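One letter stands for each residue in the lines below.
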Amino acid sequence: MRRVAALVALLVITGCGSTAEPPKALATGPIAAPEKTTLKIGMRLPNLDTNAPIEIAIDKGFYKEEGLSVERVEVQSIREGLVGGSLDFGAEASPDVVAAATAGTGLKIVAGYRNREPFVVAVQPEIAKPQDLAGKPILLGANPGTIEYDVRMQLLKEAGFDLTGVAVKPVNLPGGSNAWVEQFKQKKLALTVIFPRHKNLVQEAGGRLVLDVMKEWPNDSLTATQDFVAKNPNTTARFIRATLKAMKLYKDPAQQKYVQDMMKAKGFMVTPNELKPEVYAFGPQLYDEDMGLNAKGFDELLAVLKMPPAAFDSFTDLTQLHRAQDALGVTKRP
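Residues numbered from 1 in each chain as written. Predicted model: local features only at pLDDT ≥ 70, side-chain atom pairs only at ≥ 80, totals over all residues. Heavy atoms only, no water.

Draft legend 1. Here's a closer look at the side chain of glutamate 92. Along the polypeptide, glutamate 92 turns up in strand 3 (residues 89-93). The class for glutamate 92 is buried, based on a relative accessible area of 2%. A distance of 3.2 Å separates polar atoms of two side chains, one belonging to glutamate 92 and the other to arginine 79. (Helix = DSSP H or I, 4+ residues; strand = E, 2+ residues; numbered from the N terminus. Buried < 20%, exposed > 50% of the residue type's maximum accessible area, 1.4 Å probe, protein only. Polar contact = N/O pair within 3.5 Å; in protein donor to acceptor, adjacent residues only side chain to side chain.)

See the structure below:
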């Protein structure tokens, strides 16, 4: 999760804010030749799980089969790249796309990507109750007052571990979740956010899980501008079709060695812990083979984030996803 309020700065920088919207892409039926063949997709995070489906499609030649040349690039702002035209697609935080679409930037979700989000929090073995954290350093992945922090505080409360009124010392450390786990193992954090792949490491170090839930809330979604999709409907359908093939392979447990060897060769980190099949499985489970979307999940997420309700069709254009699904015999969702 990332703070949606950051979108305001983007609108000022780009001068976007008009509520006018290009028409939705009308191309339907069999997928024709691509309009644009050289593409860039923006990714924000450098970890294996986020990038594996795209890299699989590149490595297996699925995009090449569609007549496409695709480059994956790491960027600070996917929204800015899409609106400015330096990116064609991006795996963007779903609530940020909703906010951007509502603000009139023309961004649209064209397919699902990471369709659910895990929330896992661990404490040191001596922490028996929330009050034991008074005066101790805790890491909830962001600073107090941010959406990420507040949502995790609320979920902890719902799980029976209410930190309301406890004088904790919130910290925010660099290095990502692997670094947070190391800090926790060194007793430098009394509480920390982790991801499912870290659970065994934390528990082996004596840690106790006080929150461990998977929410069917859209995490990252495949995003483009409506104008790009309208001008390049066949390119969009072909890109999604190739990614669907890669998604199927990524979700096949038998492909673990191929995926990890390939990603390691491309410079992605694969820790010894992640070689365990039961740990590796936590990554693919965040994805759906059909790249569909859960409309109810969007409603729930917007409510939790205290964002205004938005009609599902106002921030999505799934025409080309449906064409790609039809071409592969995949059942459409929604």
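From this point, the narrative continues.
Draft legend 2. Focus on helix 15 (residues 319-328). Along helix 15, the residues that are buried comprise Gln320, Leu321, Arg323, Ala324 and Gln325. Buried residues in helix 15 make contact with strand 4 (107-114), helix 9 (226-231) and helix 10 (233-250). Looking one or two residues beyond helix 15, the residue adopting positive phi is glycine 329, at roughly 75 degrees. (Contact = heavy atoms within 4.5 Å.)

Draft legend 3. Here's a closer look at the pairing of strand 10 (residues 220-225). Counting buried positions along strand 10 gives 6 out of 6 residues, so the element sits mostly inside the fold. Residue alternation in strand 10 divides its side chains into two sets, Asp220, Leu222 and Ala224 and Ser221, Thr223 and Thr225, and both sets are buried. With 4 bridges joining them, strand 3 and strand 10 adopt antiparallel strand pairing. The partner of glutamate 92 across the bridge, within strand 10, is serine 221. (Pairing = 2+ DSSP bridges.)

Draft legend 4. Region of the structure containing the pattern of salt bridges. All chains considered together, the criterion is met by 21 salt bridges. The partner of lysine 266 in a salt bridge is glutamate 55, and the shortest N-O contact between them spans 2.6 Å. Taken together, the residues lysine 266 in the loop between helix 11 (256-265) and helix 12 (277-280) and glutamate 55 in helix 2 (residues 48-59) connect sequence positions 211 residues apart. Note on glutamate 55: relative accessible area 6%, which makes it buried. Residues joined by salt bridges that share partners form a network here, namely Arg116, Glu216, Asp288, Asp290 and Arg333. (Salt bridge = Lys/Arg side-chain N within 4 Å of Asp/Glu carboxyl O.)

Draft legend 5. Just unusual backbone geometry, in detail. Cis peptide bonds are those with omega within 30 degrees of zero, and the linkage from arginine 333 to proline 334 qualifies with 0 degrees. Counting through the fold element by element, proline 334 comes out in the segment after helix 15. Although it is not a glycine, methionine 291 adopts a positive phi angle of roughly 55 degrees. Here methionine 291 is to be found in the loop between helix 12 and helix 13 (295-304). Non-glycine residue lysine 306 carries a positive phi angle of around 60 degrees. For lysine 306, the position within the fold is in the loop between helix 13 and helix 14 (312-315).

Draft legend 6. Focus on the nonpolar core. Ranked by internal contacts, the top residues of the largest apolar core, which has 93 residues, are Ile56, Leu133, Phe161, Leu191, Leu222, Phe239 and Val259. The element that contributes the greatest number of residues to this core is helix 10, accounting for 8 residues. Among residues more than four places away in sequence, those in contact with phenylalanine 161 are Val123, Ile127, Lys129, Pro130, Leu133, Leu156, Leu191, Arg208 and Val210. (Core = buried A, V, L, I, M, F, W, Y, C linked by side-chain atoms within 4.5 Å.)

Draft legend 7. Representation of the environment of arginine 79 in the model. By the element assignment, arginine 79 lies in helix 4 (residues 78-84). Separated by 13 residues in the primary sequence, arginine 79 and glutamate 92 have C-alpha atoms spaced 7.4 Å apart.

Draft legend 8. Representation of the sheet that holds strand 2 (residues 69-74) within the structure. Pairing in this open sheet of 5 strands is mixed, and the strands run 2-1-3-10-4 from one edge to the other. Both outer strands of the open sheet, strand 2 and strand 4, are each paired with one neighbouring strand and no more. Sheet twist, expressed as the mean angle between neighbouring strand axes with direction ignored, is 30 degrees. Alignment of strand 4 against strand 10, held across 6 bridges, turns out to be antiparallel. Paired with leucine 107 across the bridge in strand 10 is threonine 225. (Axes fitted to C-alpha atoms, helices over the stretch in contact; angles between N-to-C directions.)

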